[in-house]
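Analysis of the macromolecular model
Each chain, letter by letter, is given below.
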Amino acid sequence: MSRLVTILGGSGFVGRHVARGMAREGWRVRVATRVPDEHLFVRTYGEVGQVEPVACNIRDEESVRDALHGADAVVNCVGILSELRRNTFEAVQDEGAGRVARLAADAGVGTMVHVSAIGADANAPSEYARSKAAGEAAVLGHMPDAVILRPSVIFGPEDEFFNRFATMSRFGPVLAIVGAETKFQPVYVDDVARAAVLGATGQVAPGVYELGGPDVASFREWMELMLRIVRRKRHVANLPAGIARLVAGGFGLVQKASFGNFTAPLTRDQIVNLGRDNVVGEGAKTFADLGIEPLSAAAVLPDYLWRYRPSGQFETLTESAENLKV
């Protein structure tokens, strides 16, 4: 019988790419998600019966235990960018990660891959970064041979980075950002998934790997690249930290007043996090140690950002027609 992998968060942005990769490797894939009926599409990632969604909440002990039953490997892709209701950084990225590792060890799961983030630091000013570090420590405490992946900002067709700002670029002449000079090293989601598959299948050594794409640039420069791709002329303006905190505070009040039905697009913790560069650290294990050559953002972004152009997929045809005019 083929081996079984449980992927927590397997219906999410990164998790679904990992699920496809594990299915291609011939593994049975159990996609652990809070609402499996809404994610039946994962079944199409493999042969009939190879990929199955199951109910699981990383905050719930019994559901995690059930999801791990009989698994040979586990990949934890669950993470949040901001807190909402009971999904706090501590509950999801610290306690949740530790719960998965502890129950995996109890169940005799042989291999664990944990997706963390560049910038994970127990002494970081950001609660997000501290919770990521705490989660890593909890994982290693129970599964010392785990593979921990720390990606930079992840891009791909369903990303929440370039897609968000490309959407914002449709409105008004100014694109406001926070932390314009902060360095980022965006990494393609398929490359992160490949790393996770190598870890889950036991093809790489245990340890912490920092994953960044081939290019490093400031937040402002990445936004200028995005604007060139979507063919929109916008002024990229850096929002001063003080004003950004006031805006984030207002969003936070609206989120509380709506009882979580409104999700704040900017939080004060994100502003703090944007004050630190998000790049691979010196001396860290990287894609090179995994035998993976990562794709550049410039090579991939046009494949899915075209829909934000003024004329969408027809923009290049319009440009070609203009060039033919005498």
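Presented here is a report on the structure given in the accompanying data block. Counting restarts for each chain: residues are numbered from 1 in the order of the written sequence. Per-residue local features are limited, in this predicted model, to residues with pLDDT of at least 70; the limit for side-chain atom pairs, both in listing and counting, is 80 or more; totals at the level of whole chains, interfaces and linings are taken over all residues. Computation of side-chain values: all heavy atoms of the structure, hydrogens and water removed.

1. With respect to the overall build of the protein
Numbering of helices and strands runs from the N terminus, with a helix taken as a DSSP run of H or I at least four residues long and a strand as a DSSP run of E at least two residues long. Assigned secondary structure in the protein consists of 13 helices and 13 strands. As defined in this context, the radius of gyration uses C-alpha atoms, and a globule is described by 2.2 Å times the residue total to the power 0.38. Here the C-alpha atoms of the protein give a radius of gyration of 20 Å, agreeing with the 20 Å that 2.2 N^0.38 yields for 326 residues. The principal-axis extent of the C-alpha atoms belonging to the protein is close to 70 × 45 × 45 Å. Considering the protein as a whole, with its 326 residues, one finds that 50% of them fall into the buried category. Carbon and sulfur atoms provide 53% of the accessible area of the protein, an area that totals close to 15,500 Å². Buried, partly exposed and exposed residues are distinguished by accessible area as a fraction of the type maximum, computed with a 1.4 Å probe on protein chains only: under 20%, between the cut-offs, and over 50%, respectively. Note on areas: these come from Shrake-Rupley sampling with a 1.4 Å probe, and a residue is covered only by the protein chains present in the view.

2. A word on the packing of aromatic side chains
Two rings from Phe, Tyr or Trp (for Trp, the six-membered ring) form a pair when their centres are within 6.5 Å of each other. A pair whose planes differ by under 30 degrees is stacked, one over 60 is edge-to-face, and the rest are tilted. This model, assessed by the stated rule, comprises 11 aromatic pairs. Considering the side-chain rings of Phe89 and Tyr128, the 5.7 Å spacing of their centres and the 75 degrees angle between planes classify their relative orientation as edge-to-face. Placement of the pair is Phe89 in helix 3 (residues 89-107) and Tyr128 in helix 4 (residues 127-142), with a sequence separation of 39 residues. Here Phe89 matches Tyr128 in class, with each residue buried. The structure contains a cluster of three or more aromatic residues connected by ring pairs, namely Phe155, Phe161, Phe162, Phe165, Phe184, Tyr188, Phe219 and Trp222.

3. Some thoughts on unusual backbone geometry
Trans is the common state for peptide bonds, and a negative phi is the common state for residues other than glycine. A positive phi angle, close to 55 degrees, is found at Arg85, a residue other than glycine. Of note in this structure, Arg231 is not a glycine but carries a positive phi near 60 degrees. Relative to the elements of secondary structure, Arg231 occurs in the loop between helix 7 (219-229) and strand 13 (235-238). With a relative accessible area of 32%, Arg231 lands in the partly exposed category.

4. Points about the sheet that holds strand 4 (residues 73-76)
Strand pairing is defined by DSSP finding a minimum of two bridges between the two strands. Ordered by their spatial adjacency, seven strands build an open sheet running 3-2-1-4-5-6-11, and the pairing between neighbours is parallel. Of all the strands in the sheet, just strand 3 (51-55) and strand 11 (207-211) have a single pairing partner and so form its edges. Pairwise comparison of adjacent strand axes, ignoring direction, gives a mean angle of 20 degrees for this sheet. Bridge count between strand 2 (residues 28-33) and strand 3: five bridges; the pairing is parallel. Looking at strand 3, one finds that Val31 is bridged to Pro53. Contacts from helix 4 reach strand 5 (111-115) and strand 6 (147-151), with the element oriented near 175 degrees to strand 5. Comment: axis = line fitted to C-alpha atoms, over the contacting stretch for helices; angle = value between 0 and 180 degrees taken between N-to-C directions. We call two residues contacting when some pair of their heavy atoms lies within 4.5 Å.

5. Regarding the packing of helix 1 (residues 13-24) against helix 6 (residues 189-200)
Where helix 1 meets helix 6, the axes come as close as 8 Å, and the angle between the chain directions of the two elements is 55 degrees. With respect to each other, helix 1 and helix 6 are oriented oblique. In terms of crossing hand, the pair formed by helix 1 and helix 6 is right-handed. On helix 6, the residues that touch Phe13, Val14, His17, Val18, Gly21 and Met22 of helix 1 are Val189, Asp190, Val192, Ala193, Ala196, Val197 and Ala200. By residue class, the composition of the contact of helix 1 with helix 6 is 10 nonpolar, two polar and one charged. Each angle gets one of four labels, with under 35 degrees taken as roughly parallel, over 145 as roughly antiparallel, 65 to 115 as roughly perpendicular, and the rest as oblique. Take the far helix as the reference: if the near one is turned anticlockwise from it by less than a right angle, the crossing is left-handed, and if turned clockwise, right-handed. Lys, Arg, Asp and Glu make up the charged group, whereas Ala, Val, Leu, Ile, Met, Phe, Trp, Tyr, Cys and Pro make up the nonpolar group; the residues left over, Gly among them, are polar.

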